[in-house]
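Architecture at a glance
Residues per chain are reported as follows:
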There are 2 protein chains.
Amino acid sequence: MSDPKSVITLLHGAGGAYMHNLIKEYFLKLDDNFGEVGLGVLDDAAVINGIVFTTDSYTVRPIFFRGGDIGRLAVSGTVNDIAMMGGDPIALSLAVVIEEGFSKSDLAKIVESIKRTCEEANVHIVTGDTKVMERNSLDKIVINTGGIGIASEELKHNFNVLRKSREVKYEWLVPMNIRDGDKIIVSGTIGDHAIAILSSREGVEFESNIQSDVMPLNKMMKKVLEVGGIADAKDPTRGGLADLLNDWAEKSGLGIYIKESEIPVKEEVSSAIEFLGLDLLELGNEGKAVLAVSPEMARDVLETLHSTPWGKDASIIGEVRKDIEGVILETVVGGKRLVTRPTGDPVPRIC
Amino acid sequence: MSDPKSVITLLHGAGGAYMHNLIKEYFLKLDDNFGEVGLGVLDDAAVINGIVFTTDSYTVRPIFFRGGDIGRLAVSGTVNDIAMMGGDPIALSLAVVIEEGFSKSDLAKIVESIKRTCEEANVHIVTGDTKVMERNSLDKIVINTGGIGIASEELKHNFNVLRKSREVKYEWLVPMNIRDGDKIIVSGTIGDHAIAILSSREGVEFESNIQSDVMPLNKMMKKVLEVGGIADAKDPTRGGLADLLNDWAEKSGLGIYIKESEIPVKEEVSSAIEFLGLDLLELGNEGKAVLAVSPEMARDVLETLHSTPWGKDASIIGEVRKDIEGVILETVVGGKRLVTRPTGDPVPRIC
Ligand SMILES: Nc1ncnc2c1ncn2[C@@H]1O[C@H](COP(=O)(O)OP(=O)(O)OP(=O)(O)O)[C@@H](O)[C@H]1O
Ligand SMILES: Nc1ncnc2c1ncn2[C@@H]1O[C@H](COP(=O)(O)OP(=O)(O)OP(=O)(O)O)[C@@H](O)[C@H]1O
Ligand SMILES: [Mg+2]
Ligand SMILES: [Mg+2]
Ligand SMILES: [Mg+2]
Ligand SMILES: [Mg+2]
Ligand SMILES: [Mg+2]
Ligand SMILES: [Mg+2]
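In this report, the structure presented in the accompanying data block is examined. Everything quoted here is computed from the prediction, not taken from an experiment.

For the pair chain A and chain B, the best superposition has an RMSD of 0.0 Å and corresponds to a rotation of 180° with a translation of 0.0 Å parallel to the axis. With respect to symmetry, the two chain copies, as superposed, fit the operation of a two-fold axis. Looking at the rotation axis and the C-alpha trace of chain A, the residue lying nearest is Leu138(A), at 2.1 Å. Most of the interface of chain A is mirrored in chain B: 100% of its interface residues are interface residues there too.

Quick look at the coordination of the magnesium ion (ligand 8) now. Six octahedral donors around a metal ideally subtend angles of 90 or 180 degrees, whereas four tetrahedral donors ideally subtend 109.5 degrees. Residue and element names in this part refer to chain B. Taken together, the protein ligands of the magnesium ion (ligand 8) are Asp-44 (OD), Met-84 (O), Leu-173 (O), Asp-232 (OD) and Ala-233 (O), with distances of 2.2 to 2.7 Å. Overall, Met-84 belongs to the buried group, its relative accessible area being 0%. Taking the relative accessible area as the measure of exposure, Leu-173 reaches 0% and is therefore buried.

Further remarks concern the packing of helix H5 (residues 192-199) of chain A against helix H8 (residues 267-276) of chain A. Residues and elements named next belong to chain A. Two numbers describe how H5 lies on H8: the axes approach to 10 Å, and their chain directions differ by 60°. Between H5 and H8 lies a crossing whose hand is left-handed. On the side of H5, the interface is formed by Asp-192, Ile-195 and Leu-198, while H8 contributes Val-269, Ala-272, Ile-273 and Leu-276. Here the contact of H5 with H8 is built from residues that sort into 6 nonpolar, no polar and 1 charged.

On to the site of ligand 2. Close to ligand 2 lie 18 residues, the nearest being Gly128(A), Thr130(A), Asp43(B), Thr237(B) and Arg238(B). More than one chain approaches ligand 2, the contributing ones being chains A and B. Take Gly128(A): an N or O atom from its main chain is 2.9 Å from an oxygen atom of ligand 2. Taking Thr130(A), its side chain carries an N or O atom lying 2.8 Å from a nitrogen atom of ligand 2. Contact with the protein chains covers 94% of the free accessible surface of ligand 2, which is 610 Å². Among the detected pockets, ligand 2 sits in the largest pocket. Among the secondary structure elements, those contributing two or more residues to the shell around ligand 2 are strand E5 (87-99) and strand E6 (124-133) of chain A together with helix H1 (17-27) of chain B. The leading source of residues in the shell around ligand 2 is E6(A), at 5 residues. Class assignment of the residues belonging to the shell around ligand 2 gives a composition of 7 nonpolar, 4 polar and 7 charged.

Attention now moves to the packing of aromatic side chains. Aromatic ring pairs are reported here in terms of the distance separating the ring centres and the angle at which the planes meet. Counted by the stated rule, this structure contains 1 aromatic pair over all chains. Taking 6.3 Å as the distance between ring centres and 85° as the angle between the ring planes, the aromatic pair formed by Phe53(A) and Phe53(B) counts as edge-to-face. Of this pair, Phe53(A) sits in strand E2 (residues 51-58) while Phe53(B) sits in strand E2 (residues 51-58), placing the two residues on different chains. Positioned over the ring face of Phe64(A) is Lys109(A), at 5.1 Å from the centre of the ring. One Lys or Arg, Arg321(B), reaches over the ring of Tyr257(B) and ends 4.8 Å from the middle of that ring.

Look at any regular strand and the pattern is simple: side chains alternate between the two faces of the sheet. All names here are of chain A. In terms of burial, E2 is a largely internal element, 8 of the 8 residues being buried. The alternating pattern of E2 places Ile-51, Phe-53, Thr-55 and Ser-57 on one face and Val-52, Thr-54, Asp-56 and Tyr-58 on the opposite face, and all of these are buried. Judged from the 3 bridges that link them, strand E1 (residues 46-48) and E2 form a sheet pairing that is antiparallel. Bridge pairing links Ile-48 to Ile-51 in E2. Across 7 bridges, the pairing between E2 and strand E7 (residues 141-151) is antiparallel. Considered in E7, the bridge of Asp-56 is made with Thr-145.

Right, let's talk about the interface of chain A and chain B for a bit. On the side of chain B, 79 residues touch chain A, which itself brings 79 residues to the contact. Of all residues in chain A, Ile8(A), Phe53(A) and Lys104(A) bury the most surface against chain B, accounting for 11% of the area lost on that side. Here chain A is connected to chain B by 8 salt bridges. Notably, a salt bridge pairs Glu134(B) with Arg349(A), separated by 2.6 Å at the nearest N-O pair. Taken together, chain A and chain B are joined by 24 residue pairs in polar contact (both at pLDDT 80 or more). When contributions to the side of chain A that touches chain B are tallied by element, the ones reaching two or more residues are helix H1 (17-27), E1, E2, E5, helix H3 (104-121), E6 and E7 of chain A. The residue inventory of the side of chain A that touches chain B, partitioned by class, reads 39 nonpolar, 23 polar and 17 charged.

Another point: the pairing of strand E8 (residues 183-186) of chain A. All names here are of chain A. Bridge analysis of E8 against strand E11 (residues 290-293) gives 4 bridges, and the strand direction is antiparallel. Residue Lys-183 lies in a different strand from E11, and its bridge partner there is Val-293. When E8 meets strand E12 (residues 315-321), the two strands line up antiparallel, connected through 4 bridges. Each residue of the ladder has a partner; that of Ile-185, found in E12, is Ile-316.

Moving on to the coordination of the magnesium ion (ligand 5). All names here are of chain A. The coordination sphere of the magnesium ion (ligand 5) contains the protein donors Asp-44 (OD), Met-84 (O), Leu-173 (O), Asp-232 (OD) and Ala-233 (O), at a distance range of 2.2 to 2.7 Å. As a motif over one chain, the donors of the magnesium ion (ligand 5) read D-x39-M-x88-L-x58-D-A. Here the residue Leu-173 occupies a position in the loop between helix H4 (153-162) and E8, and Ala-233 occupies one in strand E9 (residues 230-234), the gap between them amounting to 60 residues. Relative accessible area serves as the criterion here: at 0%, Ala-233 is assigned to the buried category.

Taken together, the neighbourhood of ligand 1 is formed by 18 residues, with Asp43(A), Thr237(A), Arg238(A), Asp129(B) and Thr130(B) sitting nearest. Taking Asp56(A), its side chain carries an N or O atom lying 2.9 Å from an oxygen atom of ligand 1. Contact between ligand 1 and Gly128(B): an oxygen atom at 2.9 Å from a main-chain N or O atom of the residue. Bound to the protein, ligand 1 loses 94% of the 620 Å² it would expose on its own. Of the pockets mapped on this structure, ligand 1 occupies the largest cavity. If you list the elements that add at least two residues to the shell around ligand 1, you get H1 of chain A together with strand E5 (87-99) and strand E6 (124-133) of chain B. In terms of residue count, the dominant contributor to the shell around ligand 1 is E6(B) (5 residues).

The 5 strands lie next to each other as E1-E2-E7-E5-E6 (chain B), forming an open sheet whose pairing is mixed. Edge positions in the open sheet fall to strand E1 (46-48) and E6 of chain B, since each of these has one partner strand only. In this sheet, neighbouring strand axes are inclined to one another by 20° on average, regardless of whether the strands run parallel or antiparallel. Relative to strand E7 (residues 141-151) of chain B, E5(B) is paired through 11 bridges, and the arrangement is antiparallel. Bridge pairing links Ile98(B) to Ile141(B) in E7(B). Against the sheet, H1(A) makes contact with E5 and E6 of chain B, and its axis sits at roughly 135° relative to E6(B), the strand it touches most. Seen against the sheet, helix H3 (residues 104-121) of chain B touches E5, E6 and E7 of chain B and runs at an angle of roughly 15° to E7(B).

The next thing to look at is the pattern of salt bridges. The full count for this structure, using the stated rule, is 56 salt bridges over all chains. Put simply, Lys234(B) and Asp44(B) hold a salt bridge, and the shortest N to O gap is 3.2 Å. With a gap of 190 residues between them, Lys234(B) in strand E9 (residues 230-234) and Asp44(B) in the loop between H1 and E1 connect regions that are remote in the sequence. Measuring nitrogen to oxygen at the nearest pair gives 3.4 Å for the salt bridge that ties Glu119(B) to Lys115(B). Highlighted residues: Glu119(B) and Lys115(B), both in helix H3, separated by 4 residues, approximately one helical turn. Owing to a relative accessible area of 25%, Lys115(B) belongs among the partly exposed residues under this scheme. Residues joined in a network through salt bridges with shared partners are Lys24(A), Asp243(A), Asp247(A), Glu250(A), Lys251(A) and Arg341(A).

What counts and how
Residues numbered from 1 in each chain as written. Chains lettered and ligands numbered in written order. Predicted model: local features only at pLDDT ≥ 70, side-chain atom pairs only at ≥ 80, totals over all residues. Heavy atoms only, no water. Least-squares fit on C-alpha atoms with pLDDT ≥ 70 in both. Contact = heavy atoms within 4.5 Å. Donors = N, O, S within 2.8 Å, 3.2 Å for Na, K, Ca; no water. Buried < 20%, exposed > 50% of the residue type's maximum accessible area, 1.4 Å probe, protein only. Axes fitted to C-alpha atoms, helices over the stretch in contact; angles between N-to-C directions. Helix = DSSP H or I, 4+ residues; strand = E, 2+ residues; numbered from the N terminus. Left-handed = near helix turned anticlockwise from the far one by under 90°. Nonpolar A, V, L, I, M, F, W, Y, C, P; charged D, E, K, R; others polar. Near = heavy atom within 4 Å. Polar contact = N/O pair within 3.5 Å; in protein donor to acceptor, adjacent residues only side chain to side chain. Areas by Shrake-Rupley, 256 points an atom, 1.4 Å probe, with all protein chains shown as cover. 1 Å grid on protein atoms, 1.4 Å probe; cavity = no way out; pocket = protein on both sides within 12 Å on 5 of 7 lines; lining within 4 Å. Sits in = over half its atoms within 2 Å of the grid points. Phe/Tyr/Trp six-rings, centres within 6.5 Å; stacked < 30°, edge-to-face > 60°. Lys NZ or Arg CZ within 6 Å of the ring centre and 35° of its normal. Pairing = 2+ DSSP bridges. Buried area = accessible area lost by both parts, 1.4 Å probe. Salt bridge = Lys/Arg side-chain N within 4 Å of Asp/Glu carboxyl O.

Given below as structure tokens:
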């Protein structure tokens, strides 16, 4: 393997410690503190002039996988980054880079999937770009989607409720709003996407019927904002729960305590990770949100989640605690372990 | 070569007829007529809720070339697409996809170049994404930038002036504003970028000192909007002048007559294209704008361009004429030829 000190390695795209260090060392110098939520916050999206703005490139392999495809992923991922800031997504950009020789019928399938997912999320592709690279210069297709969104009435209501429990400086869902005692809720089962991708790959030695969870969550977010009391939301994509919770702990300056027994996980995912020796907390998801909610509102938010198709398996998995440092997991057998940011990537190119 | 009927070929990324047909056949079905300037207009950028929104991916080869690099290109290209709508660019997104093994010092150079070009254009990177693909899955690095912009005071003034000569339905720089008699201005010499890229490639059998023209044009656009009377602006990137003028002729429903003798071109570019058998009109540019200007204002706009560093070689190359169809070129020797959209790509992967 190449030396990660002088060249880029797969670790730098893994969503864990190496990637965050690369971003801090190389890209953070582009920050000039511009916007209400600027580059320096390193959150799901930026906010400038009241506009939520975000981007993601999708390099998933294979491009058609159990429960989804690169088109559905590209729409959902970017919609979700806007929704995790509390924004209402209104328009997306769509830039495709295609390898020479790519099948037009596959392209048609991807576009069809993009269209359906946009309808599901009620967003609109308004601009795009198409480039072609020579054969062997690109593995099939890479898609970038960008997105813009705006603040909704529901978001204002959410902060009116949250203000009963704290001072709120940012009227967006950012880690700076998190306080001691907030409950940590995940909106559904963990690990489905990573395991679905893995089991869709050729030459992988295990069988599974697990489907990816990839879906747009903006309508679910609207429902919980209508209840109110959400301090922050984030989607556990690359790096999984482990990376997300460490991000929150770092940025809020508070500890997080979670219970393994409360994390929703499908039986089949459990056996797969046991068989493969993977860590559930490091697996990426593409249709789940993690919420930090004021203790007073956590039950109501949970009930509302349960009443929607997107959050029926939601669970309170832990809470924010100022008396501990970092992220602590209470295991099923009652032990405790420190959860750090992942370094290696259990499943590369999941998005 | 593969059959362009069933698979994607390099022609589909060439900025000419094949690409436009692909976009119309595959991506236009995503259009649902959303926004003030929506996807269906197929212009430089879209406009939604008063926000100009655009995206481009950059696959240029080589990534460092005479007069620029992929970082400068990625900032300039997206800034220019916003500026060509009459928008004032405010923020950019930056998504990089990197090949495993890519040198960190090259990455540092690219980021430095992005930073400098952002300062030059006075725009801010506010959000981004970083992905890594396995060795041999990607040729070095692909960058996507998205951008958002807003209408400026200068744009309002521009349309107040333009209203003296016509009814204006769109207060953005779009082909629907073009009328019979409008003058066609190019802001400087043509072909520099394509020839610089070509001469930067290994194994190319000609020497040249031509530098790419890649630069942000938003400050230049502000200057000409301050004068007023601009109906439309567009940057002649892939597909060059030939594609741009055909686009305008199609969308305005009017003919365009241009004179070869008036097209500014550097001596060295002239000899290179003669030597290589290329068509000047099909060469891509990354620091030039083409303007359609009301006849009353054309001289003033030209003088203002000449007074700026970005437009000192500007020239009136022709005019819009309702009595002709398509794009007609009067050659240096006095003949006339119909200019069509390019099909083949004189220089692939120039952006
Ligand atoms: N190349 C880059 N330039 C500028 N900022 C970047 C770049 N790459 C990432 N960032 C920023 O770093 C933060 C983390 O990015 P990351 O891509 O992990 O977030 P995400 O999009 O929520 O996750 P995922 O890409 O897995 O869906 C974000 O704030 C993002 O804007
Ligand atoms: N994959 C796509 N999906 C949706 N719209 C697309 C797609 N590709 C291109 N378009 C639209 O087609 C039109 C032409 O795109 P094109 O990329 O040629 O414009 P440009 O960005 O000005 O040129 P260049 O990319 O050479 O700088 C634009 O309106 C663009 O939004
Ligand atoms: Mg994301
Ligand atoms: Mg483009
Ligand atoms: Mg958030
Ligand atoms: Mg462009
Ligand atoms: Mg990202
Ligand atoms: Mg224009």
